[in-house]
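Results of the structural survey
As a plain string of letters, each chain reads:
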Amino acid sequence: MSIRGLKKKQPKTFKVKIITVDAEMEFSCEMKWKGKDLFDLVCRALGLRETWFFGLQYTMKGMCTWLKMDKKVLDQEIPKEDPISFHFLAKFYPEKVEEELLQEITQHLFFLQVKKQILDEEIYCSPEATVLLASYAVQAKYGDYDPNFHEPGFLAHDELLPKRVLRQYQLTAEMWEEKITAWYAEHRGIARDEAEMNYLKIAQDLEMYGVNYFPIAQNKNHTDLLLGVDAKGIHIYSINNRFSPNKSFEWSAIRNISYSEKELTIKPLDKKAEVFKFFSSQLKVNKLILQLCIGNHDLFMRRRKVDSIEIQQMKAQAREEKARKKMENQRLAREKQLREEAERAKEELERRLFQLEDEARQANEALLRSQEAAELLAEKAQIAEEEAKLLAQNAAEAEQERQRLEITALKTKEEKRLMEQKMREAELIAVKLVKESDRRAKEAEHLKQDLHEAREAERKAKQKLLDITRLNYPHMVKYPHYLPTDTRDANFDKGSIKLDLKDIDLKRLSFEIERERLDYLEKSKKFEDRLKELKSEIHALKLEEKQSGLYSHWNEVLGSLDRSLGNIPSWMKTFETGDSSDINLHGPFPAYSLNPTSSWPCTNKIQHTVPVQKSSFQTNSLIANSVGTGTRKQIVKVQQHDSDVIYI
């Protein structure tokens, strides 16, 4: 046979695209295939045996129609497209999903379709029920909840709630996810088919579940009612209320359903009951209503009959499959539980091991710390022992210091007593010196008065000598050097008696002054030496007793001594005799003796200079004016310092 002959014998085909809820498939169909042939091909491809719930739906002129099983596919009013699209959907719904849906694929397809109808708001569901249904849908898709894997935001791309519910409550996606996750976490351990079955069991109790609605009217001009067909019967609804039917006809109470053009008649089984007639918008609508009524009625009657052998086999297989799955799930759950327990035990052992390691590490650290502490304690003990020895030594030293301080205090008290005694002695000496100073001042006054009297006598003697000269030698008064020698000598002899007497008085006075001076110098020197000793002793004691309370006392002692030294008698200060002579009797007088044999007055100038020791007092002088006709000067100069010179 030629290739051309083979080509001619091959049947012609057309392409068909089958769209399920979660997948798409393409098939090549023969031109002579009926609707049942295509439907069986799709069921075999899906592995579906419960075929009586499903059908192939297509849309023609805006109206959804089901493909007829007993007519050729191409002979029906299908869309002229390539490939031709059909939707594989559930056409009839079971009354009890748990009893009637035997296969897992059947259950899964119903779950996907009902879920889509709820999300598309073809089936009304309360917000609370939608959250619960969404949690079962998440359990069916993702399995058990694992907070480590299912982090926040894992449901962001899943459509789980109707838009009506999202609009009704102003909640964010995170809030809805939190609510769904709270329910989802409670479904732990539920398998996928179980979660889908639980979803369907909740959905089948909804008022709009499995109902196909068609607009109808009781007359030809008004459309004010809705006719609903479901697994239990036919229901009449008002146009605004699809939840509660105004009137219902159960399949067991319907005797006959017929249509004529746009009119559809429902005859109850009770002949006395009123026949219900209504009008649809098109003849096709009546045909579709009648087709759905026949299919639902057949399923209704089949449920109430004895199951066929095929159904019984399917149910037995379903039971066996469920039992096997149950055992498998139990085994898996047990293995999972054992694995979880093993993991928990492993984690516990790891945690315990980590804890033991941590405890061992801490014990080692504690041991090291204990060793360090022991070493530190040993060092501290040694240091404490050394400190104890040091403290004992310090205590002994402190005791010695205390004894020394006591001795020092006693010595200080004794020294204080001695110092006070010395101070009293110094004060007594100062008082004596003051008294001596007063006495010397009085003596100085007497001496000053005697000196004044001596000078006055000298002046009178000079005046008397001049008077005698005028009387005896009036022509020689002006030129005394032309007098005869004998005359001058006679005159001198006459006045020398009185002058010698005056010189003797001056000598006696000078001796007395010298004696008093020497006595005073001796006493002053002793007093100064005593004061120096007191000062040196006080200075030494002050250095030793700075820490005691006697420092201020020594200052007072020194101040009192300074005040005593500052009380210098008035006769030791500078005084004047006449207008041109100064006498200072403070310091020692020069050790010299007046010459009693000197001729006075004489023609030549006589000056006696006697050097004396240096002292620290100021220079004073006693100067006598010229006497007689010659230029005779007697200079008495008294100086207290070592560098002073006394001139007589």
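Residue numbers here run from 1 along each chain, matching the order of that chain's written sequence. Restriction of local features to residues with pLDDT of at least 70 applies here, the model being predicted, together with a cutoff of 80 or more for giving and counting side-chain atom pairs; totals for whole chains, interfaces and linings are based on all residues. For the side-chain quantities, the full set of heavy atoms in the structure was used; hydrogens and water were omitted.

If you check an unreviewed UniProt entry, the protein appears there as FERM domain-containing protein from Meleagris gallopavo. UniProt, in its Subcellular location (unreviewed entry) section for the protein, records the words "Cell membrane". UniProt positions are given in the numbering used here, feature names are shortened, and annotations may be inferred rather than shown by experiment.

Pairs were defined over the aromatic rings of Phe, Tyr and Trp, the Trp ring being its six-membered one, requiring ring centres within 6.5 Å. Orientation was assigned from the angle between planes: stacked under 30 degrees, edge-to-face over 60, tilted for the rest. Going through the model one piece at a time under the given rule, you end up with 17 aromatic pairs. Consider the rings of Tyr169 and Trp176, whose centres lie 6.1 Å apart with planes at 80°: the pair is edge-to-face. Take Tyr169: its relative accessible area is 33%, and that puts it in the partly exposed class. Categorising residues by exposure relies on relative accessible area from a 1.4 Å probe, with only protein chains included: less than 20% of the type maximum marks a residue as buried, more than 50% marks it as exposed, and the intermediate range marks it as partly exposed. Given a relative accessible area of 8%, Trp176 falls into the buried group. One aromatic cluster is present, built from ring pairs that chain together Phe39, Trp52, Phe53, Phe54, Phe88, Tyr93, Phe110 and Tyr209. Throughout this description, the term charge over a ring refers to an Arg CZ or Lys NZ atom that lies within 6 Å of the ring centre and within 35 degrees of the ring normal. The ring of Trp52 carries Arg302 above its face, with NZ or CZ at 5.1 Å from the centroid.

Moving on: the environment of Val229. Structurally, the position occupied by Val229 is in strand β7 (residues 225-229). Separated by 19 residues in sequence, Val229 and Gly210 have C-alpha atoms that sit 8.1 Å apart. Aside from chain neighbours lying at most four places away, what touches Val229 is Gly210, Val211, Asn212, Trp251, Ile289, Leu292, Cys293 and Asn296. For the purposes of this entry, the term helix denotes a DSSP run of H or I that reaches at least four residues, the term strand denotes a run of E that reaches at least two, and both are numbered from the N terminus. We call two residues in contact when some of their heavy atoms are within 4.5 Å.

The criterion is simple. A nonpolar core is a set of buried Ala, Val, Leu, Ile, Met, Phe, Trp, Tyr and Cys residues joined through side-chain atoms within 4.5 Å. One finds Phe86 and Phe88 to be the most contacted residues of the largest nonpolar core, which totals 92 residues. Core analysis: the next-biggest nonpolar cluster, separate from the first, contains five residues, Ala426, Leu433, Phe527 and Leu534 among them.

The next subject is empty space enclosed by the protein. In the cavity and pocket records, a cavity denotes points on a 1 Å grid over the protein atoms alone where a 1.4 Å probe fits but cannot get out, a pocket denotes an open set with protein on both sides within 12 Å along at least 5 of 7 lines, and lining residues are residues with an atom within 4 Å of a point. Grid points are joined across faces, edges and corners, and a volume is the space filled by probe spheres set on the points. Within the structure shown, the criterion is met by two cavities of 30 Å³ or more. Each pocket or cavity is described by its volume, and for the second largest cavity that value is around 50 Å³. Lys115, Ile118, Leu119, Thr130, Leu133, Ala134, Ala137, Glu159, Leu160 and Tyr199 together form the lining of the second largest cavity. Of all the secondary structure elements, the ones that give two or more residues to the lining of the second largest cavity are α4 (104-119) and α5 (127-142). Looking at which element gives the most residues to the lining of the second largest cavity, the answer is α5, with four residues. Residue polarity is assigned by list, with Asp, Glu, Lys and Arg as charged and Ala, Val, Leu, Ile, Met, Phe, Trp, Tyr, Cys and Pro as nonpolar; anything else, Gly included, falls into the polar class. Here the residues of the lining of the second largest cavity sort into seven nonpolar, one polar and two charged.

So, about the sheet that holds strand β11 (residues 263-268). The pairing of strands in a sheet happens through backbone hydrogen bonds and is either parallel or antiparallel. Ordered by their spatial adjacency, three strands build an open sheet running β10-β11-β12, and the pairing between neighbours is antiparallel. For this open sheet the edge positions go to β10 (254-260) and β12 (276-279), each flanked by a neighbour on one side alone. Neighbour-to-neighbour, the strand axes of the sheet open up by a mean angle of 15°, direction not taken into account. Bridging between β10 and β11 involves six bridges; their strand directions are antiparallel. The partner of Ile254 across the bridge, within β11, is Pro268. Sheet strands touched by helix α9 (residues 283-303): β10 and β11. Its angle to β10, the strand with the most contacts, is close to 160°. For two strands to pair, DSSP has to find at least two bridges joining them. In this analysis an axis means a line fitted to C-alpha atoms, helices contributing only their contacting stretch, and an angle means the value between N-to-C directions, from 0 to 180 degrees.

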